[in-house]
Amino acid sequence: MSNAISALQGAVYQGYVEVREMGLVGMITLRGDLSSAKMKKAVKEACGVDLPGQREIAVSGDKGAAWMSPDELLLMVPYEGVADALAVVEKALSGEHFLAVNVSDARAVFQLKGKAAREIIAKLCPVDMTPGAFEPGMIRRTRMAQIAAAFWMQDADTIRVVCFRSVAEYAFNLLKDAAEPGGETGLFA
Amino acid sequence: MLILECPYCGVKGEETEFAGGGEAHLKRFGPESSDDDFHAYLFKRENPKGVHLERWRHTNGCGKWFHAARNTVTLEVYGTYSAQTTEPPKDIKDKISAKVPGWSWREFS
Ligand SMILES: [Zn+2]
């Protein structure tokens, strides 16, 4: 089998916020009835977290689950663990109407690290990034310049952004441009 | 600029996060229908100056379709509502009536 590589192979840009491509991340799109007991069990067993509520994300170590729409979750696990996680999900949901697909290679994940990480998102997305309005534990799907993207906060200074792999380079260039020294706004300082 | 609230994910987003999907509550006419009905279903659209009912999709978000009642002159949004309905809910109709007494749009008023 050929070696899997991420779109930008861990590229890093050191601006006034550090922009880093996170390499290979295991991702599963899971659709079905989010209110069912079997779904809760599937998420717990595959990711070790409780099923997230509307627009929420639950992260535990290198695993997590995010609420994407009223009938869709995004499960995150280590890249090598996707096949096992899928098997766990399929077993937990057997007999129920659902869809679980490995989308790891269709995605790119970036991390913004630094005190001004919020600024970078605020420059690119039509989202209120004021502390209080957006906080860790939330996920937001939105538009980042001309592409669809989603982001969440790992902690107060760390934001992760996920987009389609086909636009990874565009996304990286956007984030680099926004993080270029001299572009500080001090908006949320 | 329009600010729309998606009734499915609860996001209050600006227009560019959504995509307009044309007129709401179209009645479909297919095989066996009269030529006039079929023609109207395909081509005849409302183009009001004022109250309008539309379909929108949260394209750069949760991806769901929904309905919006808004004003094409003031850009005021009276409300958004489920896609799984054939008419605007009463509370939204009441809101429109409070702002635009005597309004009508196709068979709704
Ligand atoms: Zn939505």
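Values in this document were obtained by computation on a predicted structure and should not be read as measured data.

The subject of this paragraph is the packing of aromatic side chains. Residues and elements named next belong to chain B. Per the stated rule, a full pass over the model turns up five aromatic pairs over all chains. Ring plane angle 5° and centroid distance 6.2 Å describe the contact between Trp-105 and Phe-108, whose orientation is recorded as stacked. By the burial criterion, Trp-105 is buried, and Phe-108 matches it. Positioned above the aromatic ring of Trp-65 is the side chain of Arg-55, whose terminal nitrogen or guanidinium carbon lies 4.4 Å from the ring centre.

Attention now moves to the coordination of the zinc ion. Residue and element names in this part refer to chain B. Protein-derived coordination of the zinc ion comes from Cys-6 (SG), Cys-9 (SG), His-58 (ND1) and Cys-62 (SG), at a distance range of 2.0 to 2.4 Å. Around the zinc ion, the four donor atoms sit at angles spanning 99 to 116°, and that spread fits a shape best called tetrahedral. Spacing between the donor residues of the zinc ion along the chain follows C-x2-C-x48-H-x3-C. In terms of burial, Cys-6 and Cys-9 fall into one category: buried.

Right, let's talk about the pattern of salt bridges for a bit. Across all of its chains, the model carries 17 salt bridges over all chains by this definition. The partner of B:Glu46 in a salt bridge is B:Arg106, with the nearest N and O atoms 4.0 Å apart. Here B:Arg106 lies in the segment after helix H2 (90–99) and B:Glu46 lies in the loop between helix H1 (35–43) and strand S4 (51–57), a separation of 60 residues in the sequence. One salt-bridge network, in which partners are shared between bridges, spans A:Arg31, A:Asp71, A:Glu72 and B:Lys64.

With that settled, the discussion passes to the interface of chain A and chain B. Of the residues lining the interface, 15 residues belong to chain A; the matching set on chain B comes to 13 residues. Counting each side, the surface lost to burial between chain A and chain B is near 1000 Å², with a carbon and sulfur contribution of 47%. Taken as a group, A:Arg140, A:Arg141 and A:Arg143 account for 38% of the area that chain A buries against chain B, more than any other trio of residues on that side. Residue B:Glu17 pairs with A:Arg140 through a salt bridge whose shortest N-O separation is 2.5 Å. Breaking the side of chain A that touches chain B down by element, the ones donating at least two residues are strand S5 (63–69), strand S9 (139–144) and strand S10 (147–155) of chain A. In terms of residues, the side of chain A that touches chain B owes the most to one element, S9(A), which gives four residues. When its residues are assigned to classes, the side of chain A that touches chain B shows six nonpolar, three polar and six charged.

Moving on to a nonpolar patch on the surface. All names here are of chain B. Taken together, Phe-38, Leu-42 and Phe-43 make up a surface patch of nonpolar side chains, about 310 Å² in accessible area. Of note, Leu-42 is situated in helix H1. Residue classification places Leu-42 among the partly exposed positions, given a relative accessible area of 41%.

Sheets are built from strands paired through backbone hydrogen bonds, the pairs being either parallel or antiparallel. All names here are of chain B. If you trace the four strands from one edge of the open sheet to the other, you get S3-S4-S5-S6, paired in antiparallel fashion. Bordering the open sheet on either side are strand S3 (19–23) and strand S6 (77–81), each of which pairs with just one other strand. Shown here is a sheet whose adjacent strand axes are inclined to one another by a mean of 30°, direction ignored. Strands S4, strand S5 (65–71) and S6 of the sheet are contacted by H2, whose axis makes an angle of about 170° with S6.

To continue, consider the domain arrangement of chain A. Residue and element names in this part refer to chain A. By domain assignment, chain A separates into domain 1 (26–105) and domain 2 (106–178). The straight-line distance from the C-alpha centre of domain 1 to that of domain 2 is 22 Å. Tallying the contact residues gives 15 residues for domain 1 and eleven residues for domain 2. In this assembly, domain 1 and domain 2 are joined by zero salt bridges. Applying the counting rule to domain 1 against domain 2 returns six residue pairs in polar contact (both at pLDDT 80 or more). Broken down by secondary-structure element, the contributors of at least two residues to the side of domain 1 that touches domain 2 are strand S3 (26–32), strand S4 (57–60), S5 and strand S6 (72–77). The biggest single contributor to the side of domain 1 that touches domain 2 is S5, with four residues. Looking at side-chain class alone, the side of domain 1 that touches domain 2 contains eight nonpolar, three polar and four charged residues.

Another point: unusual backbone geometry. Not every positive phi belongs to a glycine, and A:Ala145 is a case in point at roughly 50°. Looking at the element boundaries, A:Ala145 is found in the loop between S9 and S10. Its relative accessible area of 21% is what places A:Ala145 among the partly exposed residues. Even without glycine at this site, B:Arg106 takes up a positive phi of about 45°.

Analysis parameters
- Residues numbered from 1 in each chain as written.
- Chains lettered and ligands numbered in written order.
- Predicted model: local features only at pLDDT ≥ 70, side-chain atom pairs only at ≥ 80, totals over all residues.
- Heavy atoms only, no water.
- Phe/Tyr/Trp six-rings, centres within 6.5 Å; stacked < 30°, edge-to-face > 60°.
- Buried < 20%, exposed > 50% of the residue type's maximum accessible area, 1.4 Å probe, protein only.
- Lys NZ or Arg CZ within 6 Å of the ring centre and 35° of its normal.
- Donors = N, O, S within 2.8 Å, 3.2 Å for Na, K, Ca; no water.
- Tetrahedral: all angles 85-135°; square planar, octahedral: opposite > 155°, others 65-115°.
- Salt bridge = Lys/Arg side-chain N within 4 Å of Asp/Glu carboxyl O.
- Helix = DSSP H or I, 4+ residues; strand = E, 2+ residues; numbered from the N terminus.
- Contact = heavy atoms within 4.5 Å.
- Buried area = accessible area lost by both parts, 1.4 Å probe.
- Nonpolar A, V, L, I, M, F, W, Y, C, P; charged D, E, K, R; others polar.
- Patch = residues over 30% accessible without salt bridge, like charges linked within 9 Å, V, L, I, M, F, W, Y side chains within 5 Å.
- Areas by Shrake-Rupley, 256 points an atom, 1.4 Å probe, with all protein chains shown as cover.
- Pairing = 2+ DSSP bridges.
- Axes fitted to C-alpha atoms, helices over the stretch in contact; angles between N-to-C directions.
- Domains from an automatic or database assignment.
- Polar contact = N/O pair within 3.5 Å; in protein donor to acceptor, adjacent residues only side chain to side chain.

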